Amino acid sequence: MIGYLQQVLFLAAIALASYLILRRGRLIASTIRLGRDEDRTDRPQERLKIMALVAFGQKKMFAKPLVAFMHLVIYLGFIIINIEVLEIILDGILGTHRLFAPYTSALYPFLINIFEVLALGVLLVCVGFLARRYLLKVARFQPERYREMGRWPRTDAAIILVIEIVLMLAFLTWNASDTVLRLRGDEHYQVAGLQPFIVSQWFMPLFEGWNTSALIAYERVAWWAHILGIMAFAVYLSYSKHLHILLAFPNVYFSKLAPKGEMQNMPEVTNEVKIMLGLSQPEVATDAPETPAPDSGVPGKFGAKDVMDLTWKNLMDAYSCTECGRCTAACPASITGKKLSPRKIMMDTRDRLEDIGRNTQANGGEFKDDGKTLLGDYILDEEILACTSCQACVQECPVNINPLDIIYQLRRYRVMEESKAPGLWNGMFSNLENNQAPWKFSPADRFNWAEGLK
Amino acid sequence: MTTETTPCQVPTMAELAARGETPDVLFWVGCAGSFDDRYKRVTIAFVKILNAVGIKFAVLGTEESCTGDPARRAGNEFLFQMQATMNIQVLDGYGIKKIVTACPHCFNTLKNEYPALGGNYEVVHHSTFLQSLINEGRIKPQDGQPFKGRRITFHDSCYLGRANKIYEAPRAILEALDADLVEMKRSRSQGLCCGAGGGQYFKEPEPGKKDINIERIEEALGTGAQAIAVACPFCMTMMTDGVKNKEREADVKVYDIAEFVAQAQGL
């Protein structure tokens, strides 16, 4: 009876977790779709190659080898231990115990031993990562230095690491209590020929003095804690910076393939410039009225004031950010104490998307204007004005996020829509217009440098 | 050297076109190369090298105008595209195929951003151009190199390095001159910006604790280099100002890579 009850509860837990994950996934996808269209599907082979190297191979992480190795342990642990989760889920649904063991004979203990070694590795690395944050106080994570590292981002990081430690402990002590039960000859826990496992055997002395019913209770609690923990973690992911474990792959696949120095062209400006210079005629009644202009989908706004004006890729970037701060640590403006932090640009963009998502949910699927915009309420002019466009942030990001692209679009809005630029920039603009140089020199003097030569 | 007696030729496109000739390459001088007193010396050094090697080149002279890069980075796309469209008309009017420039910002814009507006050219930065002249043996490092064994550090320009992945050409040139090349900790793809890009050169810096060029010059001076090599007019100004700020003008010089080559050739 208890067995059936557990199966029913298990199915209910899976259904609830799936529902919550799907709901969040749809909300996130719908906020990403708020962004402008941009085609990032060209050159698929090149994209697959970059994804293999940068996302699967974690190439850019290895700029810092020790941390890269630590991260790799968690990454491999996550992927490989999930094979075991498949068995756990099937056991949960079918009410079986170690379903795969009889079919996989010698392979089974071999695999479990690998999972256990990885689990121990993940556990140790998570402790190491907590130590980096709280004992070594790695500068990138300190709120005194970086104001975007407020309470929530720091709590988020701690929650993830603690959950992972708890999950690994649950997995290892579950195996240990299970083995003790098996060795005592309990009928339900029999698997022919299975020896104690490589890591969990060290936890077995903890359980050997327990009576059998207490042991069975612990075995069940650990089993449930492990699998419910995984489900809760999967739901929590979608609210956390940890979403990168899923989004890193598509985000890297859709990377910018052009040279880093290339700034995106604005075709809607090109049309106007050509008309102004008399190189093309304004489109009046030459086209049949029923054919819409090719750029009719483009919003009537230059640059970006809010997330809807950015591209969907900018928005996916924001959800993919792990807040590691390598961008900010390399940013010359941030290094010299300016307000700009590329990490904050990404976190602000995500915060704005999350706010819009909540607003939309609360208003029955319709976004109710909250009078806020990304530029002004989240990101300040002083931040975007401090950027040297050096692309160090773009270079450093392990998942190919591009904060610079957002900064450029915000600048375009301020300058082209609102004519708000620092006075010296306005001076540079008018020099360019009048003298075709950013300084106040006469164009007639442009060739004077050669005078001494001839 | 015969260069003292032979006057340097700086033909313009208009002159060549009038004679019905076409150059092998257009030298795009850029605004800094035309107007900035310090960088004019780099322009002249490069022109002397082109003359000495016998490259058939030309400049646009007064027909050249800003690529529009500073306007674009500052957010003024209209102004950028006005400049770009006018420049493309001039370049296409002369049938230009190949361009060399000493400015990484001009280089990046002409190479990567003009194609979207219909301007397609083979664009080469002068570091790559000089490196191939050395590789082809057309510039021969001579005996008694003035830079032999001198400690020189190279400061990567963002728009040459990260923007276009040109890290080795300027270093190869310095090595060909037998210089003792020392690297700063932040170099190549990790190179620290001089602080001029993105329109910063044309405005006051935002409030902060330090100027970026000071942060960079401290790192450069920390290598113990006697000379700092640059390959960008804006890096040139920022690094020179940094050296002045640290009162090291007497013992640390800032030169463009073209100036090193010209000096080594006795030009």
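Residues numbered from 1 in each chain as written. Chains lettered and ligands numbered in written order. Predicted model: local features only at pLDDT ≥ 70, side-chain atom pairs only at ≥ 80, totals over all residues. Heavy atoms only, no water.

1. A look at the overall build of chain A
Now for step 1: Assigned secondary structure in chain A consists of 19 helices and 0 strands.
Now for step 2: On C-alpha atoms alone, chain A measures out to a radius of gyration of 28 Å, which is more than a quarter above the 22 Å that the 2.2 N^0.38 rule sets for 454 residues.
Now for step 3: Oriented by its inertia axes, the alpha-carbon framework of chain A measures out at about 100 × 60 × 40 Å.
Now for step 4: Within chain A, the proportion of its 454 residues that are buried is 51%.
Now for step 5: Restricting to contacts in chain A with at least 6 residues of sequence separation, those with at least 24 account for 76%.
Now for step 6: Computing the positive centroid from 48 side-chain charges and the negative centroid from 47, chain A places the two 6 Å apart. (Helix = DSSP H or I, 4+ residues; strand = E, 2+ residues; numbered from the N terminus. Rg over C-alpha atoms; globule rule 2.2 N^0.38 Å. Buried < 20%, exposed > 50% of the residue type's maximum accessible area, 1.4 Å probe, protein only. Contact = heavy atoms within 4.5 Å. Lys, Arg positive; Asp, Glu negative; His and termini not counted. Charge placed at Lys NZ, Arg CZ, Asp CG, Glu CD.)

2. A few points about the domain arrangement of chain B
Residue and element names in this part refer to chain B.
Now for step 1: For chain B, the assigned domains read domain 1 (13–131) and domain 2 (143–264).
Now for step 2: The gap between the C-alpha centroids of domain 1 and domain 2 is 23 Å.
Now for step 3: Across the boundary between the two partners, domain 1 contributes 25 residues, which contact 29 residues of domain 2.
Now for step 4: Summed over both partners, the interface of domain 1 with domain 2 buries about 2100 Å², with 71% contributed by carbon and sulfur atoms.
Now for step 5: When residues of domain 1 are sorted by the area they lose upon contact with domain 2, Arg38, Pro104 and His105 head the list and together hold 24% of the total.
Now for step 6: Run the count over domain 1 and domain 2 and you get 1 salt bridge.
Now for step 7: The partner of arginine 38 in a salt bridge is glutamate 259, with the nearest N and O atoms 2.8 Å apart.
Now for step 8: Within the residue set of the side of domain 1 that touches domain 2, elements represented by two or more residues are helix H3 (37–53), helix H4 (69–74), helix H6 (104–113) and helix H7 (126–135). (Domains from an automatic or database assignment. Buried area = accessible area lost by both parts, 1.4 Å probe. Salt bridge = Lys/Arg side-chain N within 4 Å of Asp/Glu carboxyl O.)

3. Some details on the confidence of the model for chain A
Now for step 1: For chain A, the average pLDDT comes to 93, and 96% of its residues sit at 70 or higher.
Now for step 2: Every residue in residues 285–293 of chain A scores below 50 in pLDDT, and together they form 0 contacts with partners more than four places removed in sequence or on other chains. (pLDDT = per-residue confidence, 0-100.)

4. Brief notes about the interface of chain A and chain B
Now for step 1: In this assembly, 62 residues from chain A lie in contact with 73 residues from chain B.
Now for step 2: Summing the contributions of chain A and of chain B, the shared interface buries around 5800 Å²; its carbon and sulfur component is 68%.
Now for step 3: Inspection of the region where chain A meets chain B yields 2 salt bridges.
Now for step 4: Glutamate 77 of chain B is the partner of arginine 412 of chain A in a salt bridge, and the nearest nitrogen-oxygen pair spans 2.8 Å.
Now for step 5: Linking chain A to chain B there are 31 residue pairs in polar contact (both at pLDDT 80 or more).
Now for step 6: The element best represented in the side of chain A that touches chain B is helix H19 (residues 423–435) of chain A, accounting for 6 residues.
Now for step 7: Its residues placed into classes, the side of chain A that touches chain B shows 37 nonpolar, 12 polar and 13 charged. (Polar contact = N/O pair within 3.5 Å; in protein donor to acceptor, adjacent residues only side chain to side chain. Nonpolar A, V, L, I, M, F, W, Y, C, P; charged D, E, K, R; others polar.)

5. Concerning the sheet that holds strand S1 (residues 25–28) of chain B
One key point about sheets: their strands pair by backbone hydrogen bonds, in either a parallel or an antiparallel sense.
Residues and elements named next belong to chain B.
Now for step 1: Taken together, the 4 strands give an open sheet; going across it, the order is S2-S1-S3-S4, and neighbouring strands pair in parallel fashion. Each edge of the open sheet is held by one strand with a lone partner, namely strand S2 (57–58) and strand S4 (122–125).
Now for step 2: With 4 bridges connecting them, strand S3 (residues 98–101) and S4 associate as parallel partners. The partner of threonine 101 across the bridge, within S4, is histidine 125.
Now for step 3: Here H3 sits on the sheet and contacts S1, S2 and S3; the angle it forms with S1, its principal contact strand, is near 165 degrees. (Pairing = 2+ DSSP bridges. Axes fitted to C-alpha atoms, helices over the stretch in contact; angles between N-to-C directions.)

6. Let's talk about empty space enclosed by the protein
Now for step 1: All told, the structure shown has 5 cavities of 30 Å³ or more when counted by the stated rule.
Now for step 2: The computed volume of the largest cavity comes to approximately 190 Å³.
Now for step 3: Around the largest cavity, the lining comprises 21 residues; the ones closest to its centre are Asp69, Pro70, His105, Phe202 and Phe234 of chain B.
Now for step 4: Contributions of two or more residues to the lining of the largest cavity are made by helix H2 (30–35), H4, H6 and helix H10 (233–245) of chain B.
Now for step 5: The leading source of residues in the lining of the largest cavity is H2 of chain B, at 4 residues.
Now for step 6: Composition of the lining of the largest cavity by domain shows at least three residues from each of domain 1 (13–131) and domain 2 (143–264) of chain B.
Now for step 7: The calculated volume of the second largest cavity comes to roughly 90 Å³.
Now for step 8: Together, 13 residues line the second largest cavity, and Cys331, Pro332, Cys387, Cys390 and Cys393 of chain A are the ones closest to its centre. (1 Å grid on protein atoms, 1.4 Å probe; cavity = no way out; pocket = protein on both sides within 12 Å on 5 of 7 lines; lining within 4 Å. Points joined across faces, edges and corners; volume = space filled by probe spheres on them.)

7. Concerning the domain arrangement of chain A
Residues and elements named next belong to chain A.
Now for step 1: Under the domain assignment used here, chain A contains domain 1 (2–33 + 64–253) and domain 2 (300–440).
Now for step 2: The distance between the C-alpha centroids of domain 1 and domain 2 comes to 37 Å.
Now for step 3: Residue-level contacts link 27 residues of domain 1 with 31 residues of domain 2.
Now for step 4: Taken together, both faces of the contact between domain 1 and domain 2 bury some 2600 Å²; the carbon and sulfur share is 55%.
Now for step 5: The three residues of domain 1 that bury the most area against domain 2 are Ile32, Arg147 and Asn251, which together make up 25% of that side's buried surface.
Now for step 6: The tally of links from domain 1 across to domain 2 stands at 3 salt bridges.
Now for step 7: Here arginine 343 and glutamate 148 are joined by a salt bridge, their closest N and O atoms 3.0 Å apart.
Now for step 8: If you look at where domain 1 meets domain 2, you find 16 residue pairs in polar contact (both at pLDDT 80 or more).
Now for step 9: Of all the elements in the fold, those that place two or more residues in the side of domain 1 that touches domain 2 are helix H1 (2–32) and helix H9 (244–253).

8. Here we look at the side chain of threonine 322 of chain A
Now for step 1: Take threonine 322 of chain A: it is sitting in the loop between helix H11 (312–320) and helix H12 (326–330).
Now for step 2: Residues within four places of threonine 322 of chain A in sequence aside, it is in contact with Lys241 and His244 of chain A.

9. Quick look at the packing of H7 of chain B against helix H8 (residues 168–176) of chain B
Residue and element names in this part refer to chain B.
Now for step 1: Between H7 and H8, the shortest axis-to-axis distance is 8 Å and the interhelical angle comes to 45 degrees. Relative to H8, H7 is oriented oblique. For H7 against H8, the interelement crossing comes out left-handed. In contact with Ser127, Thr128, Leu130, Gln131 and Ile134 of H7, H8 contributes Ala169, Pro170, Ala172, Ile173 and Ala176.
Now for step 2: Among the residues making up the contact of H7 with H8, the classes are represented as 7 nonpolar, 3 polar and no charged. (Parallel < 35°, antiparallel > 145°, perpendicular 65-115°, else oblique. Left-handed = near helix turned anticlockwise from the far one by under 90°.)

10. As for the environment of methionine 204 of chain A
All names here are of chain A.
Now for step 1: Summarising the element assignment, methionine 204 is placed in helix H7 (residues 204–207).
Now for step 2: Its relative accessible area of 6% is what places methionine 204 among the buried residues.
Now for step 3: The spatial distance from the C-alpha of methionine 204 to the C-alpha of glutamate 417 is 69 Å, given a sequence separation of 213 residues.
Now for step 4: Ignoring sequence-local partners within four residues, the contact set of methionine 204 consists of Ala176, Thr179, Val180, Leu183 and Pro196.

11. Comments concerning the sheet that holds strand S8 (residues 253–256) of chain B
Residues and elements named next belong to chain B.
Now for step 1: As summarised here, the arrangement of the 4 strands in space is S6-S5-S7-S8, forming an open sheet in which the pairing is parallel. Every interior strand has two partners, whereas the edge strands, strand S6 (180–182) and S8, have only one. Neighbour-to-neighbour, the strand axes of this sheet turn through a mean angle of 35 degrees, independent of strand direction.
Now for step 2: Strand direction decides the pairing type here: strand S5 (residues 151–154) and S6, joined by 3 bridges, are parallel. Within S6, the residue paired with arginine 151 across the bridge is aspartate 180.
Now for step 3: The strands touched by H8 are S5, S6 and strand S7 (227–230); relative to S5, the strand with the most contacts, the crossing angle is about 170 degrees.

12. As for the environment of isoleucine 93 of chain A
Residue and element names in this part refer to chain A.
Now for step 1: Along the polypeptide, isoleucine 93 turns up in helix H3 (residues 65–94).
Now for step 2: For isoleucine 93, a relative accessible area of 29% translates into the label partly exposed.
Now for step 3: With 28 residues separating them along the chain, isoleucine 93 and proline 65 place their C-alpha atoms 42 Å apart.
Now for step 4: Sequence-distant contacts of isoleucine 93, defined by excluding residues within four places in its chain, comprise Gln7, Phe10, Leu11 and Ile14.

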